[in-house]
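Tertiary structure, described
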Amino acid sequence: MSFFNRNNKGSASVARNRLLTVLLHDRVKLTPDMIERLKIELCDVIRRYVPSIDPDTIDIAVTQTDNNTDQLETRIPLGRGRNG
Amino acid sequence: MAKVITITSGKGGVGKTTSTANLGTALAGLGNKVVVVDADIGLRNLDVVMGLENRIVYDLVDVIEGNCRLRQALIKDKHEAELYLLPAAQTRDKDAVTQEEMVELVDQLREEFDFVLIDSPAGIESGFKNAIAGADEIIIVTTPEVSAVRDADRIIGLCEAYEKGQPRLILNRLRPKMVRSGEMMSVEDVLQILAIDLIGIIPEDEDVITATNKGEVLVLDKSSKTGKYYTDIARRINGEEVAIDPIEDTPSLIERISNMLRGGR
């Protein structure tokens with residue numbers, strides 16, 4: 001198939017990437033429900049120090065760094081409030 | 001000292017039973033006294049793969065329940081004098097056996113044999129747990145597909161949880177041509193993802209189907225490359241240092257022309 005198609009990256013790399021994503025989630029065993037609870041609890045703690053945090057804006061994801069280390073990536077945007 | 005090795009995979013249909021039959025035959029051919037145990041209770045298969053289905057009188061559950069002595073249930077192989085099969089029960093449920101009973105049975109087999117190879121059922125439930133309960137070592141069979149590798153990863157995690165040490169991997173049904181054209185995950189891809197040691201690579205081979213149709217195993221066919229790859233794995237299990245070579249496969253003429261046109265490799 002695709003005799004002259006040099007740009008065909010092949011389905012193997014697709015398989016590899018899908019597998020990496022699936023395994024990332026399989027291995028940490030974090031359900032979406034647990035992530036939601038984690039967000040709320042994390043927010044409760046951080047609010048003691050930075051009151052302007054909005055739990056709805058927190059983003060937690062299981063990701064992989066460039067050198068294949070699995071990590072829990074958290075993005076917590078600071079709200080508008082200044083100095084509480 | 002006997003060694004007990006369980007061959008498992010998580011996913012079904014990736015080649016556990018074929019691998020068990022070939023490795024058992026090859027290990028016996030290397031001068032070991034070997035028993036292959038079918039732990040897939042209710043879905044007996046190892047007997048037909050080895051062509052021994054007509055000789056079964058008693059099975060594993062009969063031994064555990066004391067309906068017969070262990071020796072009575074062991075079936076002698078057609079070809080290898082020092083190879084025996086302990087068949088699974090076909091009409092029973094997988095819950096007919098407990099982990100403790102399996103460990104006890106395996107310990108009995110240790111006294112008689114150099115190698116005890118246990119063919120595990122697919123899945124991660126009681127049948128799988130029974131199959132690994134008495135094992136010293138685990139060999140995982142997978143194919144280079146997303147679902148099979150995912151299940152293998154789960155099994156590796158369970159082996160760690162049950163303190164079975166790190167399993168070794170047989171990568172089965174590799175198609176070198178598809179790997180070269182980027183349409184199948186490579187040996188390196190799978191090893192990097194699973195992060196365990198490789199014990200051998202088996203290519204996709206139609207001869208496995210024809211051999212299985214006849215109830216024969218490929219390691220006995222001296223002209224079979226796949227048989228040789230299995231024998232090499234058996235030698236590694238046997239403690240020999242045998243290098244794992246990439247699967248030989250000459251690129252076809254069309255493939256070579258196509259590679260040239262691509263500014264090829």
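Residues numbered from 1 in each chain as written. Chains lettered and ligands numbered in written order. Predicted model: local features only at pLDDT ≥ 70, side-chain atom pairs only at ≥ 80, totals over all residues. Heavy atoms only, no water.

Take unusual backbone geometry next. For Lys29(A), which is not glycine, the phi dihedral falls at a positive 55°. Considering the arrangement of structural elements, one finds Lys29(A) in the loop between α1 (11–28) and α2 (32–47). Classification of Lys29(A) by relative accessible area gives exposed; the value is 58%. For Glu163(B), which is not a glycine, the phi torsion comes out positive at approximately 55°. Relative to the elements of secondary structure, Glu163(B) occurs in the loop between α7 (146–161) and β7 (168–174). (Helix = DSSP H or I, 4+ residues; strand = E, 2+ residues; numbered from the N terminus. Buried < 20%, exposed > 50% of the residue type's maximum accessible area, 1.4 Å probe, protein only.)

What follows covers the packing of aromatic side chains. Residues and elements named next belong to chain B. For the structure shown, the criterion picks out one aromatic pair over all chains. Ring centres 5.8 Å apart and planes at 65° place the aromatic pair Tyr84 and Phe113 in the edge-to-face group. With Tyr84 in strand β4 (residues 83–86) and Phe113 in the loop between α5 (99–112) and β5 (115–119), this residue pair connects regions lying 29 residues apart in the sequence. Across the pair, exposure class does not vary: Tyr84 and Phe113 are buried alike. If you follow Lys33 out to its NZ or CZ, it ends over the ring of Phe113, 5.1 Å from the centre. (Phe/Tyr/Trp six-rings, centres within 6.5 Å; stacked < 30°, edge-to-face > 60°. Lys NZ or Arg CZ within 6 Å of the ring centre and 35° of its normal.)

The subject of this paragraph is the nonpolar core. Core analysis: the largest hydrophobic core is formed by 62 residues, its most contacted members being Leu23(B), Met50(B), Ile170(B), Ile193(B), Leu194(B), Ile233(B) and Ile237(B). Considering each element in turn, this core owes the most residues, eight residues, to α7(B). Ignoring anything within four residues of it in the chain, the contact list for Leu194(B) reads Arg27(A), Val149(B), Ala152(B), Asp153(B), Ile156(B) and Leu169(B). With 27 residues, the next largest nonpolar core counts Val35(B), Leu86(B), Val97(B) and Leu105(B) among its residues. (Core = buried A, V, L, I, M, F, W, Y, C linked by side-chain atoms within 4.5 Å. Contact = heavy atoms within 4.5 Å.)

Residues and elements named next belong to chain B. With their axes 8 Å apart at the nearest point, α5 and helix α6 (residues 126–133) run at an angle of 30° to one another. Pair α5 / α6 crosses with right-handed handedness. Between α5, through Gln99, Met102 and Val103, and α6, the contact on the second element is made entirely by Lys129, Asn130 and Ala133. Class assignment for the residues of the contact of α5 with α6 results in three nonpolar, two polar and one charged. (Axes fitted to C-alpha atoms, helices over the stretch in contact; angles between N-to-C directions. Left-handed = near helix turned anticlockwise from the far one by under 90°. Nonpolar A, V, L, I, M, F, W, Y, C, P; charged D, E, K, R; others polar.)

Next up on the list: the confidence of the model for chain A. All names here are of chain A. Considering every residue of chain A, the mean pLDDT works out to 81; 85% of them sit at 70 or more. Mean pLDDT values for the elements of chain A range from 82 in strand β1 (residues 59–64) up to 91 in α1. Note that pLDDT drops below 50 for residues 1–7; the model gives that stretch eight contacts with residues more than four away or on any other chain. (pLDDT = per-residue confidence, 0-100.)

Looking now at α1(A). In this model α1(A) runs 26 Å from its N-terminal to its C-terminal C-alpha over 18 residues, within 8% of the 26 Å that 1.5 Å per residue would give. In the core, the buried residues of α1(A) are packed alongside β1 and β2 (70–75) of chain A together with α7 and α9 (187–194) of chain B. Lys29(A) sits one or two residues past α1(A) and shows a positive phi near 55°. (Expected span 1.5 Å × (residues − 1).)

Further remarks concern α7(B). For α7(B), which comprises 16 residues, the first-to-last C-alpha distance of 23 Å matches the rise-based estimate of 22 Å (1.5 Å per residue) to within 8%. The complete set of buried residues in α7(B) reads Val146(B), Ala148(B), Val149(B), Ala152(B), Asp153(B), Ile155(B), Ile156(B), Leu158(B) and Cys159(B). Looking at the buried residues of α7(B), the elements they touch are α1 of chain A together with β1 (3–8), α6, β6 (137–142) and α9 of chain B. A positive phi of about 55° marks Glu163(B), the residue just after α7(B).

Residues and elements named next belong to chain B. Tracing the backbone shows Leu117 in strand β5. In this structure, the C-alpha to C-alpha distance between Leu117 and Leu27, residues 90 residues apart in sequence, is 9.9 Å. Dropping the residues within four chain positions of it, Leu117 is found in contact with Ile5, Ile7, Thr20, Leu23, Gly24, Leu27, Val35, Val36 and Val37.

A cluster of nonpolar side chains, contributed by Leu253(B), Ile257(B) and Leu261(B), occupies part of the molecular surface with about 290 Å² of accessible area. Note on placement: Leu253(B) falls in helix α12 (residues 253–261). (Patch = residues over 30% accessible without salt bridge, like charges linked within 9 Å, V, L, I, M, F, W, Y side chains within 5 Å. Areas by Shrake-Rupley, 256 points an atom, 1.4 Å probe, with all protein chains shown as cover. Salt bridge = Lys/Arg side-chain N within 4 Å of Asp/Glu carboxyl O.)

Glancing now at the pattern of salt bridges. Residue and element names in this part refer to chain B. Within the structure shown, the criterion is met by 18 salt bridges over all chains. We note a salt bridge from Glu112 to Arg71, for which the minimum N-O separation is 3.0 Å. Here Glu112, found in helix α5, pairs with Arg71, found in helix α4 (residues 70–73); they are 41 residues apart in sequence, far enough to count as distant. The class of Arg71 is exposed, set by a relative accessible area of 57%. A salt bridge links Arg235 to Asp232; the nearest nitrogen and oxygen atoms lie 3.5 Å apart. Taken together, the positions of Arg235 and Asp232, both in helix α11 (residues 225–237) and three residues apart, correspond to about one turn of that helix. According to the relative accessible area criterion, Arg235 is partly exposed, its value standing at 28%. Put simply, Lys228, Asp232, Arg235 and Glu240 are held in one network by salt bridges that share partners.

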